[in-house]
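Listed below, chain by chain, are the residues.
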Amino acid sequence: MSNEKAGLQNPDIGISDEHRKQIAAGLSKLLADSYTLYLMTHNFHWNVTGPQFNGLHNMFMEQYTEQWNALDDIAERIRALGHPAPGTYKEFAKLASFEEIEGVPTATEMLKHLVKAQEATARTARSLYELVDAANDQPTADILTQRLNVHEKTAWMLRSMLP
C-alpha cells in the first residue's frame, strides 16, 4: 500500500489512532448486537401467532425497519473512523452480547426475548460513552444517544405488553 493510500485509511480528524481503533471496536459490537436484534425481530414478525398476531406482526415490522436503517449509520461511522465494519454472520455471532433464538417461541416469549435483546443493545451502546467522551467524538456520541433512545423506549413498550 502506498503512503498516500495508507494516509487515506488513517483519517486525520482530531481523534487519535488508538481512540479511533477502540471506538471502532466498540461500534463493531454495537453493530453486531443491532444486526442480531434486527434478525430476531424480523424472524418474530414472520412467525408470530395467536390472538395478538396483527398488532405484534405490525409492531415487529416497524421495529425491524427502524433497526435496519440504523445498521448503516453504525457501519458507516466505523468506516469514517478508518476501520472495516464487520459484515458476516460469523463476525456478528462472535461480537454480539446475546445469542439468536432458535425455534419459534410463543408470542409472549418473543416479547420477553426482545426486551432482553433491546436492553442488551442499549447496554452495549452505553458502554462506549466514556471512551467516546474522552476522544471528543461527537458524531459517535450522537449515534449512541439516538440508539439508546430507541432501544430504551422500545424495551419499555415491549415490557408494557407483557402479562
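For the structure itself, look to the data block above.
The following refers to the structure shown. (Residues numbered from 1 in each chain as written. Predicted model: local features only at pLDDT ≥ 70, side-chain atom pairs only at ≥ 80, totals over all residues. Heavy atoms only, no water.)

Our next topic: the overall build of the chain. A count of helices and strands for the chain gives seven helices and zero strands. Listing every helix and strand of the chain by position from the N terminus yields α-α-α-α-α-α-α. Taking the principal axes of its C-alpha atoms as reference, the chain extends roughly 60 × 30 × 20 Å. Taking all 163 residues of the chain together, the buried fraction comes to 42%. Residue pairs in contact within the chain that sit at least 24 positions apart in sequence constitute 79% of those at least 6 positions apart. In the chain, the 15 positive side-chain charges and the 21 negative ones have mean positions that sit 4 Å from each other. (Helix = DSSP H or I, 4+ residues; strand = E, 2+ residues; numbered from the N terminus. Buried < 20%, exposed > 50% of the residue type's maximum accessible area, 1.4 Å probe, protein only. Contact = heavy atoms within 4.5 Å. Lys, Arg positive; Asp, Glu negative; His and termini not counted. Charge placed at Lys NZ, Arg CZ, Asp CG, Glu CD.)

So, on to unusual backbone geometry. Trans peptide bonds make up most of the peptide bonds, and negative phi angles are found at most residues other than glycine. The residue N136 is not glycine, and still its phi comes out positive at about 60°. Structurally, N136 is set in the loop between α6 (129–134) and α7 (138–160).

As a working rule, side chains carrying opposite charge can pair if their charged atoms are close by. Taken as a whole and assessed by the stated rule, the structure comprises six salt bridges. The closest approach of N and O atoms between R20 and D17, which form a salt bridge, is 2.4 Å. A residue pair is termed a helical-turn pair when its members lie 3 or 4 positions apart in one helix, as R20 and D17 do in helix α2 (residues 17–47) at three residues. Between R159 and E119 there is a salt bridge whose closest N-O contact spans 2.6 Å. Of the two residues, R159 is situated in helix α7 and E119 in helix α5 (residues 107–126); the sequence distance between them amounts to 40 residues. (Salt bridge = Lys/Arg side-chain N within 4 Å of Asp/Glu carboxyl O.)

In this section: the side chain of T41. As for its position among the elements, T41 is in helix α2. Relative accessible area serves as the criterion here: at 1%, T41 is assigned to the buried category. Side-chain polar atoms of T41 contact the backbone oxygen of L37, separated by 2.8 Å. Excluding anything up to four places from it in sequence, T41 contacts F60, Q63, Y64 and L114. (Polar contact = N/O pair within 3.5 Å; in protein donor to acceptor, adjacent residues only side chain to side chain.)

A rise of 1.5 Å per residue sets the reference length of α5, with its 20 residues, at 28 Å; its end C-alpha atoms lie 29 Å apart and thus fit the reference within 8%. Along α5, the positions that sit buried rather than exposed are A107, M110, L111, L114, V115, A117, Q118, A120, T121, A122, T124 and A125. On its buried face, α5 sits against α2, α3 (53–80), α6 and α7. (Expected span 1.5 Å × (residues − 1).)

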